[in-house]
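The chain contents come next:
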Amino acid sequence: MQLDLDIRATLRSGKRRFDMHVQCTSSSQRIAVYGPSGAGKSMTLKAIAGLFTPEAGHIRLNGRTLFDSAVGINLPPQQRNVAYLFQDYALFPHLTVRQNVGFGLSRGWFNPRAREKLQKVEHWLDAFHLQELAHQFPDELSGGQRQRVALARALVAEPNALLLDEPFAALDPALRVKMRLELSQWQQRLDVPMILITHDPEDARILGEHVLYLRDGQIDSMEEHKALGERIG
Ligand SMILES: Nc1ncnc2c1ncn2[C@@H]1O[C@H](COP(=O)(O)OP(=O)(O)OP(=O)(O)O)[C@@H](O)[C@H]1O
């Protein structure tokens, strides 16, 4: 993916003031935004998704301008064609796996019927080995299976980028290691562009090809790993 960021904002809460200026370009398929708590990682990801509007700057993804304060462009989230994966995966408990994945196509305005077998839905159920679980509900799945459903639901709309907000935060350490490797392998196999935020150096090491180290609202340093295959497993 081609990402060009220049995000400037000041956040105020009482007497506290947080100044952000995140500026970078990347052509990596795997970007990890890494840094301590309160560094501005979530606000950066939200700005890309259109869930937070910076005061100034621009955001371009694959040559398309999502935000540019100088010319008054600020596309709403649904026009940005990015998928935002929340920490808890936010699956709908009353919908089956197939319906949850189908919802990714619906953009939220209709309730997919259980028997509806949309071709794209079946494609992503196959891709994430979910066919056997397609009729089950989220509370009948393991943590890893839930994450696969959330990924399938995010990818069914063919986004230009998958934005992941601390995707392993809620998992115990053993599952975390497993899921991190799984996500890495899925990403490589499907070649989906991914931007992940984390405060865990292992996530950044395994999943970041281009690692942006954020500190106090700014990029402190950047690291590019070229030989991704050599670092995995
Ligand atoms: N709505 C808001 N109003 C004022 N300040 C805010 C608001 N949202 C976030 N902030 C501040 O912006 C800063 C960056 O927050 P952000 O959530 O981006 O950090 P983070 O790096 O994602 O941290 P964590 O790893 O703990 O999630 C923090 O100091 C936070 O207090």
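Labelled according to an unreviewed UniProt entry, the chain appears under the name ABC transporter ATP-binding protein, originating from Janthinobacterium svalbardensis.

S.K.: Looking at this structure, I do not really get the site of the ligand. What am I missing?
M.R.: Close to the ligand lie 13 residues, the nearest being Leu11, Ser37, Lys41, Ser42 and Met43. Elements supplying a minimum of two residues to the shell around the ligand: strand S1 (3–13) and helix H1 (41–49). Looking at the shell around the ligand residue by residue, the class counts come to four nonpolar, seven polar and two charged.

S.K.: Before we go on, may I ask you to explain the pairing of strand S5 (residues 64–68) in this structure?
M.R.: Remark: a regular strand shows side chains that alternate across the two faces of the sheet. Pairing geometry for strand S4 (residues 56–61) and S5, over four bridges, is antiparallel. Considered in S5, the bridge of Ile59 is made with Phe67. Remark: two residues form the turn of the hairpin made by S4 and S5, two consecutive strands paired antiparallel; Asn62 in that turn has positive phi of roughly 50°. Pairing of S5 with strand S6 (residues 73–74) involves two bridges; the strand directions are antiparallel.

S.K.: It is not clear to me how the pairing of S1 should be interpreted in this structure. Could you clarify?
M.R.: In this structure, S1 lies alongside strand S2 (residues 16–26), joined through eleven bridges in antiparallel fashion. From the neighbouring strand, Asp4 faces S2, where its bridge partner is Thr25. Hairpin connection between S1 and S2: a loop of two residues separates the two successive antiparallel strands, and Gly14 in this loop has a positive phi of roughly 60°. With six bridges joining them, S1 and S4 adopt antiparallel strand pairing. Bridged to Arg8 within S4 is Ala56.

S.K.: Would you explain the nonpolar core in this entry?
M.R.: It is characteristic of soluble globular proteins that their nonpolar side chains tend to be buried jointly. Ranked by internal contacts, the top residues of the largest apolar core, which has 54 residues, are Val33, Leu85, Ala152, Leu155, Leu162, Leu163 and Ile195. A per-element tally of this core places helix H4 (residues 143–155) first, with six residues. Those residues in contact with Ile195, other than ones at most four positions away along the chain, are Ile31, Val33, Leu45, Ile48, Ala161 and Leu163.

S.K.: Any chance you could explain unusual backbone geometry here in plain terms?
M.R.: For Asn81, which is not glycine, the phi dihedral falls at a positive 55°. On the basis of neighbour count, Asn81 is assigned to the partly exposed category, with 16 C-beta atoms found within 10 Å. Positive phi is not limited to glycine here, since Glu158 has a value of about 50°. Exposure remark for Glu158: the 12 C-beta atoms within 10 Å place this residue in the exposed category.

S.K.: Got a minute to help me understand the packing of H4 against helix H5 (residues 173–190) in this structure?
M.R.: The description of two packed helices rests on the angle between their axes and on the distance between the axes. Contact geometry for H4 and H5: axes closest at 11 Å, N-to-C directions at 30°. By the angle between their directions, the pair H4 and H5 is classed as roughly parallel. Classified by chirality, the crossing of H5 by H4 is right-handed. Counting all contacts with H4, which are made through Gly143, Gly144, Gln147 and Leu151, the residues of H5 involved are Leu175, Lys178, Met179, Glu182 and Trp186. For the contact of H4 with H5, the per-class residue count stands at four nonpolar, three polar and two charged.

Cut-offs and rules
- Residues numbered from 1 in each chain as written.
- Predicted model: local features only at pLDDT ≥ 70, side-chain atom pairs only at ≥ 80, totals over all residues.
- Near = placed C-beta within 6 Å.
- Helix = DSSP H or I, 4+ residues; strand = E, 2+ residues; numbered from the N terminus.
- Nonpolar A, V, L, I, M, F, W, Y, C, P; charged D, E, K, R; others polar.
- Pairing = 2+ DSSP bridges.
- Core = buried A, V, L, I, M, F, W, Y, C linked by C-beta atoms within 7 Å.
- Buried ≥ 20, exposed ≤ 12 C-beta atoms within 10 Å, placed from the backbone.
- Contact = placed C-beta atoms within 7 Å.
- Axes fitted to C-alpha atoms, helices over the stretch in contact; angles between N-to-C directions.
- Parallel < 35°, antiparallel > 145°, perpendicular 65-115°, else oblique.
- Left-handed = near helix turned anticlockwise from the far one by under 90°.

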